[in-house]
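Residue-level structure breakdown
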Amino acid sequence: MNDLAVTEYKEQRVLTTQQIAEAYGTNTDAISRNFTNNKERYTEGKHYICLIGDELRKARASGKIYGLPQNANKFYLWTEKGAFLHAKSLNTEKAWEVYDRLVDSYFIKKSNEKPLSALDQLRLQSQAIMEVDEKVDALNRELQEFKTEMPILGMEIDKITEEVHKRGVNALGGKESNAYNDRSLRGKVYSDIYRELKRQFGITSYKAIRRNQCDLAIAIISEYELPFVLAEQVKDCNAQLNMRGGGSVA
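This section reports on the structure supplied with the text. (Residues numbered from 1 in each chain as written. Predicted model: local features only at pLDDT ≥ 70, side-chain atom pairs only at ≥ 80, totals over all residues. Heavy atoms only, no water.)

**Focus on the overall build of the protein**
Scanning the protein from N- to C-terminus turns up 10 helices and 4 strands. N-terminal to C-terminal, the α/β element order of the protein is β-β-α-α-β-α-β-α-α-α-α-α-α-α. Evaluated residue by residue, the protein yields a buried proportion of 33% over its 250 residues. Across the protein, contacts joining residues at least 24 apart in sequence account for 66% of those joining residues at least 6 apart. Surface summary for the protein: the accessible area is close to 16,500 Å², and the carbon and sulfur share equals 51%. (Helix = DSSP H or I, 4+ residues; strand = E, 2+ residues; numbered from the N terminus. Buried < 20%, exposed > 50% of the residue type's maximum accessible area, 1.4 Å probe, protein only. Contact = heavy atoms within 4.5 Å. Areas by Shrake-Rupley, 256 points an atom, 1.4 Å probe, with all protein chains shown as cover.)

**Some remarks on helix α8 (residues 183-201)**
Its 19 residues give α8 an end-to-end C-alpha distance of 27 Å, which sits within 8% of 27 Å, the value for a rise of 1.5 Å per residue. All of the buried residues in α8 are L185, V189, Y190, D192, I193, L197 and F201. Buried residues of α8, viewed axially, fall in a sector of 165 degrees; they line one side. Opposite the packed face of α8, turned more than 90 degrees from it, sit the exposed residues R183 and R199. Looking one or two places after α8, you find G202, whose phi comes out positive at around 65 degrees. (Expected span 1.5 Å × (residues − 1). Arc of directions from axis to C-beta.)

**Quick look at the pairing of strand β4 (residues 75-78)**
Residues F75 and L77 line one face of β4 and the alternating positions Y76 and W78 line the opposite face, and both faces are buried. Looking at chain direction, strand β2 (residues 12-16) and β4 are connected through 2 bridges and run antiparallel. What sits directly across from T16, in β4, is L77. (Pairing = 2+ DSSP bridges.)

These results come straight from atomic positions and should not be treated as a statement about function.
Below you can see the structure in the form of structure tokens.
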């Protein structure tokens, strides 16, 4: 027990699965199986710490955790209370004896242990600040991604409706055209532009377009072309105006 390598994670003494198995006189498979079979009794943060992702990469880079394999994608650390649950599940004389010794000589730091130097304390504080900054940066990135994934808001809606109006006026032949001043025909053109927009994005309302798709929506509108039927109606409507305005020359 005195040879047990001290493993600490965020200033808390913990044990790896391998350390518990060796101390209790069993193997890691038995410890893992015991955890799986009684998982509802274990609470993360109270009985164990599960290292994954960035936490695992940082722990591996530090080289301070006993028996941490290079290819692991998940690694468990056991607290004093977690070690107690394993001893309780094994329920052997050796497990209970070892657990008592762990409490007396491992989990409780000795009063004569050398205190951290000012430099070590500064390093720990810097590390804690860096971890907080990284978490804040991650939250900010998630917030920005969330914002861009939101449906369009007032400003984007105005941009889209303005572009629809602009494209519609152009397709109808201008505001002075007979087609533009035909309310029914003008409504058909605007409706068809919105219909094309909804078809392109697979939505039932153009307001469901996401904020990060606003520029693409405007590009689609600007490239819109009247379908043949509507184009012929606009052409005929504007031609009627020319016919009424024309006359014979003597």
